[in-house]
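# Structural features, examined
Residues per chain are reported as follows:
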Amino acid sequence: MFKKVLISDDFGSINKGVLTVLNQAGINNVKQVQYCDDAYLEIKSAIKNNVPYDLFITDLNFKTDHRAQKYGSGEAITEQLRKEYPTLKMITYSVEDRLQKVRHLINNIEVNAFVCKGRNGLLDLSKAIDSVYKNELFLSDQVKQALHSRNELEIVDYDIHLLTQLSLGHSKDAISNYFKENGIAPNSLSSIEKRQGKLLIQFRASNAIHLISIVKDLGLI
């Protein structure tokens, strides 16, 4: 089992629950920090001193305060750590449940587990720690859809921009102008109409309102 673990979460009450789970797993060498920058420095220092952490557990969202941060989110710190320390085991533990976000963390940043905070959060975290130790991927049940086939769920950043604008009630003309102003391409009216049509077919939606309802239910926007 893991011997040394770092927790990064800005709520002490959450940290206590995580600490309990770790102690029950026989892991007693645990440090807690409340800022992502502190987590980065702690991990870097531990490696430099030849006493590295085996596991890093982090939330995604951190409230901003008077202290300026280079890494302001769990996503930012895990992405940087993965670049520098590709073998470090990392678990994301968050209330976030948008499938697009989970998919990005698993497929692109390659976190080893995504656990949703909530009623079964600590139980799932216990399972995740065991799975990650065995080099197995773990996702909480409510976000397992994130790894379904590309044809069913995968959409690109362009689609997210389009769906977000549609969800705000903007017309295709207004979206075209917005895309042009923000350097998003393709931005012609015909391109936007074609892409919306493909999304309607992909998600089996009858109209734009139905489409937005579906992608929101799936946690894509």
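Computed from a predicted structure; not experimentally measured. (Residues numbered from 1 in each chain as written. Predicted model: local features only at pLDDT ≥ 70, side-chain atom pairs only at ≥ 80, totals over all residues. Heavy atoms only, no water.)

### A few points about the UniProt feature "modified residue: 4-aspartylphosphate" (unreviewed entry) in the protein
- The UniProt entry lists Asp59 under the feature "modified residue: 4-aspartylphosphate" (unreviewed entry), expressed in the numbering used here.
- The residue Asp59 is located in the loop between strand S3 (55–58) and helix H3 (74–84) in this model.
- Looking at Asp59, the relative accessible area reads 6%, which means it is buried.
- Dropping the residues within four chain positions of it, Asp59 is found in contact with Ser8, Asp9, Gly74, Tyr93, Ser94 and Lys117. (UniProt positions renumbered as here; feature names shortened; annotations may be inferred. Helix = DSSP H or I, 4+ residues; strand = E, 2+ residues; numbered from the N terminus. Buried < 20%, exposed > 50% of the residue type's maximum accessible area, 1.4 Å probe, protein only. Contact = heavy atoms within 4.5 Å.)

### Quick notes on the domain arrangement of the protein
- Split into domains, the protein comes out as domain 1 (4–147) and domain 2 (157–218).
- In this structure, domain 1 and domain 2 have C-alpha centres spaced 33 Å apart. (Domains from an automatic or database assignment.)

### Some points on the packing of aromatic side chains
- Under the defined criterion, the tally for this structure stands at 4 aromatic pairs.
- Arranged with centres 5.2 Å apart and planes meeting at 45°, the rings of Tyr40 and Tyr71 form a pair that is tilted. Of the two residues, Tyr40 is situated in helix H2 (residues 36–48) and Tyr71 in the loop between S3 and H3; the sequence distance between them amounts to 31 residues. Residue Tyr40 shares its accessibility class with Tyr71, and that shared class is buried.
- Directly above the aromatic system of Tyr53 lies the positively charged group of Lys4, at a separation of 4.5 Å from the ring centroid. (Phe/Tyr/Trp six-rings, centres within 6.5 Å; stacked < 30°, edge-to-face > 60°. Lys NZ or Arg CZ within 6 Å of the ring centre and 35° of its normal.)

### Brief notes about the pattern of salt bridges
- For the coordinates displayed, the defined rule picks out 8 salt bridges.
- Note that Glu84 is salt-bridged to Lys44, the shortest N-O span being 3.4 Å. Linking Glu84 in helix H3 with Lys44 in helix H2, this pair joins segments that are 40 residues apart in sequence.
- A relative accessible area of 27% means that Glu84 is categorised as partly exposed.
- A salt bridge links Asp130 to Lys134, with the nearest nitrogen and oxygen atoms 3.1 Å apart.
- Here Asp130 falls in the partly exposed class, since its relative accessible area comes to 31%.
- Residue Lys134 is classed as partly exposed on the basis of its relative accessible area, which comes to 47%.
- Connected through shared salt-bridge partners, Asp9, Asp59 and Lys117 make up one network. (Salt bridge = Lys/Arg side-chain N within 4 Å of Asp/Glu carboxyl O.)

### Thoughts on the pairing of strand S4 (residues 89–94)
- Taken across its 6 residues, S4 has 6 buried, putting it largely inside the fold.
- Judged by which residues are buried, S4 turns out to be covered on both faces: Lys89, Ile91 and Tyr93 on one side and Met90, Thr92 and Ser94 on the other are all buried.
- Each parallel crossover has a hand, and the one from S3 via H3 to S4 is right-handed.
- As a crossover connection, the stretch from S4 through helix H4 (residues 99–109) into strand S5 (residues 113–116) is right-handed. (Right-handed = clockwise from strand over helix to strand, strands pointing away.)

### Observations concerning unusual backbone geometry
- A cis amide bond, omega 0°, links Ala185 with the succeeding residue Pro186.
- Examined against the element boundaries, Pro186 turns out to sit in the loop between helix H8 (172–181) and helix H9 (189–202).
- Despite not being glycine, Asn135 has its phi angle at roughly 65°, a positive value.
- Mapped onto the secondary structure, Asn135 falls in the loop between helix H5 (121–133) and strand S6 (138–139).

### Quick word on the side chain of Thr58
- Tracing the chain through its elements places Thr58 in strand S3.
- Non-local contacts of Thr58, meaning those with residues more than four positions away in its chain, are made with Ser8, Gly74, Ile77, Thr78, Ile91, Thr92 and Tyr93.

### Observations concerning the state of the cysteines
- One pass over the structure, following the stated rule, counts 0 disulfides.
- Free cysteine: Cys36, not disulfide-bonded; nearest cysteine sulfur from Cys116 at 18 Å.
- Residue classification places Cys36 among the buried residues on the basis of a relative accessible area of 2%. (Disulfide = S-S within 2.5 Å.)

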